[in-house]
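Coordinates in review
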Amino acid sequence: MAVKTSNIYGKITISDTSVAKIAHYSAIDCYGISDLVSRRFTDSLVELFNKSSAAKGVRVETVNNKINIDLYVILKDGININAVKESVAATVRYNVETFTGMRVNKINVNVVGVRV
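Residues numbered from 1 in each chain as written. Predicted model: local features only at pLDDT ≥ 70, side-chain atom pairs only at ≥ 80, totals over all residues. Heavy atoms only, no water.

A separate point is the pattern of salt bridges. Evaluation of the coordinates by the stated rule reveals three salt bridges. For the salt bridge of aspartate 35 with lysine 56, the shortest nitrogen-to-oxygen distance reads 3.6 Å. Here aspartate 35, found in strand S3 (residues 33-36), pairs with lysine 56, found in the loop between helix H2 (41-48) and strand S4 (58-63); they are 21 residues apart in sequence, far enough to count as distant. By relative accessible area, which is 16% here, lysine 56 ends up buried. Across the pair aspartate 70 and arginine 59 runs a salt bridge whose closest N-O atoms are separated by 2.5 Å. Here aspartate 70, found in strand S5 (residues 66-76), pairs with arginine 59, found in strand S4; they are 11 residues apart in sequence, far enough to count as distant. Residue classification places aspartate 70 among the buried positions, given a relative accessible area of 10%. Judged by relative accessible area, which is 42%, arginine 59 ranks as partly exposed. (Salt bridge = Lys/Arg side-chain N within 4 Å of Asp/Glu carboxyl O. Helix = DSSP H or I, 4+ residues; strand = E, 2+ residues; numbered from the N terminus. Buried < 20%, exposed > 50% of the residue type's maximum accessible area, 1.4 Å probe, protein only.)

Next up on the list: the environment of asparagine 95. Structurally, asparagine 95 is set in helix H3 (residues 81-100). In sequence terms asparagine 95 and tyrosine 25 are 70 residues apart; their C-alpha atoms lie 9.6 Å from each other. Ignoring any residue separated from it by four or fewer positions in sequence, one finds asparagine 95 in contact with Ile22 and Ser26. (Contact = heavy atoms within 4.5 Å.)

Per-chain confidence: the protein averages 88 in pLDDT, with 88% of residues scoring 70 or above. The element-level mean pLDDT for the protein is lowest in H2, coming to 65, with H3 highest at 95. (pLDDT = per-residue confidence, 0-100.)

What follows is the structure in C-alpha cells.
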C-alpha cells in the first residue's frame, strides 16, 4: 500500500517502504536504542546474504491514508524503558510527519530485548 494525497502541486504517493526507512533512521538515532530487530523471515534472509535492510525492525501499515507504525527495538542496558519508548515514538512521529506531510495514526514501540 501507499499513502496518497493531493495539493496545489499535484498528486503525491509515498510508498510504505519509504515511510519505513524514515522511521528506521529516526529510531536508530534516538538515545537508548541499541538496534532494531527484524521480525519477518525475509529480513533475516537478507541479513544472511550480507545485504543491509534499511527498514529492518519496522512494519508500516497504511489504512485509509493513515499510517500505523510498529517498531521492534533492542534497548541499551540501564535506561528507563518507558522514557525511551515515549521518546522514540515522539521522534519517529515528528520525523515521519515532517518528511511526508501525512499524519501518523499510531506508533507501537515493542521492546524485544536489552543489550549490555
